[in-house]
Amino acid sequence: MKKSKSTEKKNKSNDVGLKGLPFLLGGLFIILWQLAVDILKIQPYILPGPVDVMKALYKERILLLSHTIVTLSEALIGFGIAVVLGVVLGILMGYYNIIRRMFYPLFVISQTIPLIVLTPLFAIWFGFGLLPKVLIIILGCFFPITVAFTQSLLKTDEDMDELLSVMGASRWKSFLLVRIPQALPGLFAGLRIAVTYSIMGAVISEWVGAQKGLGIYMTRAMTSFKTAVLFADVLIIVLLSMGLYKLVEIIERKITKNIIY
Amino acid sequence: MNKIIEITQLNKVYYGPEDREREGLGVLSDINMRVDDNEFVSLLGPSGCGKSTLLKLIAGLDNDYEGSISLRGKNPKNTRIPVCYMLQKDCLIPWRTMISNILLPIEIRKGNIKTAKENLKSLIAEFGLAGFENYRPSQLSGGMRQRAALLRTYLMDGEIMLLDEPFGALDEITRMQMQDWLISVWEKHRKTVLFVTHDIDEAIYLSDRVIAMSNIPGTIVGEICIDFKRPRTRDMLLCTQFNEYKRSLMGLLTND
């Protein structure tokens with residue numbers, strides 16, 4: 001026991017070092033970027049420096065915040081529905097072979113249609129409101145969740161299944177007792193991929209047409225050559241995606257920690 | 001003595017996925033055997049002789065065979081008859097604590113967990129697991145995991161324990177300790193055991209009777225009664241009588 005604890009500590013200190021590394025590299029990149037812009041005297045509408053971006057971010061903060069709220073709520077609604085859909089479909093396809101055989105190919109086909117085609121179509125069909133955006137996000141997000149969850153639900157341990165059946169457990173009971181908990185890490189792997197798609201999906205669908213949102217604001221900034229604002233907009237998108245990713249990680253840790261009886 | 005298991009003229013043929021129409025591979029051929037109440041019987045044979053398959057048939061996991069199996073006069077093909085069943089793999093659920101793993105059979109048959117927990121205390125001590133109730137399987141040693149799995153098997157509410165090489169995955173020394181421990185616990189409770197193994201010494205040391213099997217197709221080539229007194233001791237493994245048993249079993253197993 002003592003030995004394992006000390007090695008754990010060692011690993012932890014190594015982790016801290018590794019965690020600092022990306023920040024160090026990022027910082028270095030930002031400094032180089034600023035220096036390049038200053039030394040080569042690049043016009044800010046072509047490539048703004050980090051300082052310009054921060055200035056734009058500060059100047060436009062109120063407007064950006066209102067657009068952020070719209071995009072974030074679209075993403076969360078879409079992602080939330082996709083999670084429910086993905087979990088239900090995963091359980092159905094993991095449990096019933098027939099359902100998996102029937103629907104799996106259709107789901108794959110649904111992913112081969114470029115979202116970029118669907119966004120204007122959805123705008124024509126459903127207008128410029130919330131619905132088409134949420135639909136695009138669901139389409140982008142449910143697939144990785146469903147696939148990851150289904151695949152991990154399909155992993156079987158024949159010995160375990162036999163033992164449970166000798167104990168008198170029904171197929172559904174052993175599915176609940178063993179398969180679903182064992183598939184949770186797989187589900188969360190899917191959720192982590194999907195959550196980064198959610199903001200992206202919102203932005204893409206806003207591009208085509210929206211009253212508010214980071215996507216439409218981005219196109220406005222672009223057409224008026226406010227490149228620094230565009231960069232600030234992108235920065236927010238990156239931060240939002242990272243934040244949501246982190247949130248999923250935290251929820252995963254909470255849930256997996258609590259699965260102890 | 002009352003017989004608890006009786007198997008007569010049992011044949012099992014395995015058909016691969018492609019040779020349904022072809023002859024198939026004989027797994028078990030003309031098996032006739034019985035196990036009596038409070039008896040410790042070992043099925044001894046090389047790997048692939050179908051001894052694990054036979055256990056599965058008795059447990060009701062596979063109904064694709066000819067002949068008859070009767071468990072207390074009932075056929076496991078038609079009705080589910082509770083048995084205690086254990087594999088070489090401990091099959092403990094990794095995210096459950098040891099105690100909730102052990103209580104799993106009671107949880108599945110919707111028994112009262114609380115009273116079961118109370119009644120379990122002395123058994124947990126007897127199985128050498130006291131103090132580790134809330135540990136996860138990964139935190140326990142191989143021997144402890146196997147003992148926990150055995151205790152879970154014991155709680156499976158059957159009249160007979162079907163043990164499929166329960167110590168097969170353990171190292172030699174741990175296995176010896178587990179055998180000593182199992183024999184002492186068994187001599188106290190005397191619950192009927194059908195024990196599958198490919199270890200001759202283990203079979204002689206533990207059993208009242210050893211049934212020897214040969215492979216392809218699996219048949220019973222003979223059986224011997226072990227007349228050592230109980231409680232058994234390790235010293236019995238060193239006496240001439242032990243070697244006589246071993247010689248006759250080796251004769252049965254290699255004579256094909």
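Residues numbered from 1 in each chain as written. Chains lettered and ligands numbered in written order. Predicted model: local features only at pLDDT ≥ 70, side-chain atom pairs only at ≥ 80, totals over all residues. Heavy atoms only, no water.

1. Some words on the overall build of chain B
Here is step 1 of the chain: Looking only at helices and strands, chain B has eight helices and nine strands in total.
Here is step 2 of the chain: Each of the three principal axes of chain B carries a C-alpha extent, and together these read 50 × 50 × 35 Å.
Here is step 3 of the chain: When the 256 residues of chain B are sorted by exposure, 51% land in the buried category.
Here is step 4 of the chain: Excluding contacts between residues fewer than 6 apart, the proportion of contacts in chain B whose partners are at least 24 apart in sequence is 70%.
Here is step 5 of the chain: Of the accessible surface of chain B, which amounts to about 12,000 Å², a share of 49% is contributed by carbon and sulfur atoms.
Here is step 6 of the chain: The averaged location of the 34 negative side-chain charges in chain B is 7 Å from the averaged location of its 33 positive side-chain charges. (Helix = DSSP H or I, 4+ residues; strand = E, 2+ residues; numbered from the N terminus. Buried < 20%, exposed > 50% of the residue type's maximum accessible area, 1.4 Å probe, protein only. Contact = heavy atoms within 4.5 Å. Areas by Shrake-Rupley, 256 points an atom, 1.4 Å probe, with all protein chains shown as cover. Lys, Arg positive; Asp, Glu negative; His and termini not counted. Charge placed at Lys NZ, Arg CZ, Asp CG, Glu CD.)

2. What to know about the packing of aromatic side chains
Here is step 1 of the chain: On inspection of all chains with the given rule, the structure shows 20 aromatic pairs over all chains.
Here is step 2 of the chain: Here A:Phe29 and A:Trp33 contribute two aromatic rings whose centre-to-centre distance is 6.2 Å and whose plane-to-plane angle is 40°, an arrangement assigned as tilted. You can see A:Phe29 and its partner A:Trp33 sitting in helix α1 (residues 2-40), four residues apart, about one turn around the helix.
Here is step 3 of the chain: By relative accessible area, which is 55% here, A:Phe29 ends up exposed.
Here is step 4 of the chain: Where B:Phe127 meets B:Tyr154, the ring centres are 6.3 Å apart and the plane angle is 50°; that geometry is what we call tilted. Of this pair, B:Phe127 sits in the loop between α4 (113-126) and α5 (142-154) while B:Tyr154 sits in helix α5, and the two are 27 residues apart along the sequence.
Here is step 5 of the chain: Ring pairs connect the aromatic residues A:Tyr95, A:Tyr96, A:Trp172 and A:Phe175, which therefore count as one cluster.
Here is step 6 of the chain: The ring of B:Trp181 has B:Arg147 lying over it, and the distance from NZ or CZ to the ring centre is 5.9 Å.
Here is step 7 of the chain: For B:Lys191, the ring lying beneath its charged end belongs to B:Tyr154, and the centroid distance is 4.7 Å. (Phe/Tyr/Trp six-rings, centres within 6.5 Å; stacked < 30°, edge-to-face > 60°. Lys NZ or Arg CZ within 6 Å of the ring centre and 35° of its normal.)

3. What about the interface of chain B and chain A?
Here is step 1 of the chain: On the side of chain A, 19 residues touch chain B, which itself brings 21 residues to the contact.
Here is step 2 of the chain: Both sides of the chain B and chain A interface together cover about 2,000 Å² of buried area, and 69% of this is carbon and sulfur.
Here is step 3 of the chain: Area buried by chain B at its contact with chain A is led by B:Leu61, B:Trp95 and B:Ile108, which between them contribute 32% of it.
Here is step 4 of the chain: Counting across the chain B and chain A interface gives three salt bridges.
Here is step 5 of the chain: Across the pair A:Asp157 and B:Lys89 runs a salt bridge whose closest N-O atoms are separated by 3.0 Å.
Here is step 6 of the chain: Between the two partners, chain B and chain A, sit three residue pairs in polar contact (both at pLDDT 80 or more).
Here is step 7 of the chain: Among the elements of the structure, α1 (51-59) and α3 (104-108) of chain B are those that each provide at least two residues to the side of chain B that touches chain A.
Here is step 8 of the chain: Residue classes in the side of chain B that touches chain A are distributed as twelve nonpolar, two polar and seven charged. (Buried area = accessible area lost by both parts, 1.4 Å probe. Salt bridge = Lys/Arg side-chain N within 4 Å of Asp/Glu carboxyl O. Polar contact = N/O pair within 3.5 Å; in protein donor to acceptor, adjacent residues only side chain to side chain. Nonpolar A, V, L, I, M, F, W, Y, C, P; charged D, E, K, R; others polar.)

4. Concerning the sheet that holds strand β9 (residues 219-225) of chain B
All names here are of chain B.
Here is step 1 of the chain: Judged by pairing direction, the sheet is mixed, and its six strands sit side by side in the order β5-β6-β7-β3-β8-β9 without closing on themselves. Each having just a single partner strand, β5 (84-86) and β9 make up the two edges of the open sheet. Going from strand to strand, the sheet's axes swing by 15° on average, the running direction of each strand aside.
Here is step 2 of the chain: Note: strand β3 (residues 40-44) against strand β8 (residues 209-214), four bridges, orientation parallel. The residue of β8 that forms the bridge with leucine 44 is alanine 212.
Here is step 3 of the chain: Taken strand by strand, α5 contacts β5 and β6 (160-164), and its axis lies near 155° from that of β5. (Pairing = 2+ DSSP bridges. Axes fitted to C-alpha atoms, helices over the stretch in contact; angles between N-to-C directions.)

5. Here we look at the domain arrangement of chain A
All names here are of chain A.
Here is step 1 of the chain: Split by domain assignment, chain A resolves into domain 1 (1-41) and domain 2 (45-258).
Here is step 2 of the chain: Computed over C-alpha atoms, the centres of domain 1 and domain 2 are 28 Å apart.
Here is step 3 of the chain: Taken together, the contact pairs four residues of domain 1 with seven residues of domain 2.
Here is step 4 of the chain: When residues of domain 1 are sorted by the area they lose upon contact with domain 2, Trp33, Gln34 and Val37 head the list and together hold 93% of the total.
Here is step 5 of the chain: Inspection of the region where domain 1 meets domain 2 yields zero salt bridges.
Here is step 6 of the chain: Along the contact surface separating domain 1 from domain 2 lie two residue pairs in polar contact (both at pLDDT 80 or more).
Here is step 7 of the chain: When the residues that make up the side of domain 1 that touches domain 2 are grouped by side-chain class, the tally is three nonpolar, one polar and no charged. (Domains from an automatic or database assignment.)

6. Some words on the pairing of β3(B)
Consecutive side chains along a regular strand alternate between the two faces of the sheet.
Here is step 1 of the chain: Most of β3(B) is tucked away: five of the five residues are buried.
Here is step 2 of the chain: Where burial is concerned, the two faces of β3(B) agree: the one with B:Phe40, B:Ser42 and B:Leu44 and the one with B:Val41 and B:Leu43 are both buried.

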